[in-house]
Amino acid sequence: MFCGDRTVSVTTDDWSLYVEENALIAEFGADIETKEEVFAAVNERFEELATDPAIDTHVSVLKMESALNGEVFEKAQEAAEAGTEYGITNWIIVSDDIKKMALKSKIGEIPGVDIETVDSLDEALRVAA
């Protein structure tokens, strides 16, 4: 969502999307519900923010406590494919557990998408710069 020359974050109780420099950042909270209407809202905001031509990196911050399931992997792959249409070819996955490796393996199946995994958002922003 754009407000003049500034990108405004979109936040709910369990997820937020915002732009910082060249990165579109998606933070998924500990209690996010992995259901279709949540995925639809996240994807809608992603596509709105992804239109900024300065963005070439997506950062997924996984704070969720539940295990990743097949639907989460499917939606992540869809987002990676959609991102390439906007020139977003770098994905950085932030998590302090095995989730980042599991998600990396699924997004890595998308041609033209380069993936890195890190332990913190600060580290992700340094890699994105």
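Just so you know, these numbers come straight off a predicted model, no measurement behind them.

As a further point, take the pattern of salt bridges. The full count for this structure, using the stated rule, is seven salt bridges. A salt bridge links K75 to E36; its shortest N-O distance comes to 3.6 Å. Of this pair, K75 sits in helix α2 (residues 70-85) while E36 is found in helix α1 (residues 36-50), placing the two residues 39 residues apart along the sequence. Relative accessible area serves as the criterion here: at 13%, K75 is assigned to the buried category.

Along the chain, the position of A128 falls in helix α4 (residues 121-128). Accessibility expressed as a relative area gives 8% for A128, which makes it buried. Once the C-alpha coordinates of A128 and N90 are considered, the two residues, 38 residues apart in sequence, prove to be 8.1 Å apart. In contact with A128, not counting residues within four places along its chain, are N22, A23, T57 and I92.

Our focus in this paragraph is the confidence of the model for the protein. Summing up the model confidence of the protein, the mean pLDDT is 84 and the portion of residues at 70 or higher is 90%. At the level of individual helices and strands, the protein shows its lowest average pLDDT in strand β1 (residues 2-3), which scores 38, and its highest in α4, which scores 95.

Criteria and cut-off values
Residues numbered from 1 in each chain as written. Predicted model: local features only at pLDDT ≥ 70, side-chain atom pairs only at ≥ 80, totals over all residues. Heavy atoms only, no water. Salt bridge = Lys/Arg side-chain N within 4 Å of Asp/Glu carboxyl O. Helix = DSSP H or I, 4+ residues; strand = E, 2+ residues; numbered from the N terminus. Buried < 20%, exposed > 50% of the residue type's maximum accessible area, 1.4 Å probe, protein only. Contact = heavy atoms within 4.5 Å. pLDDT = per-residue confidence, 0-100.

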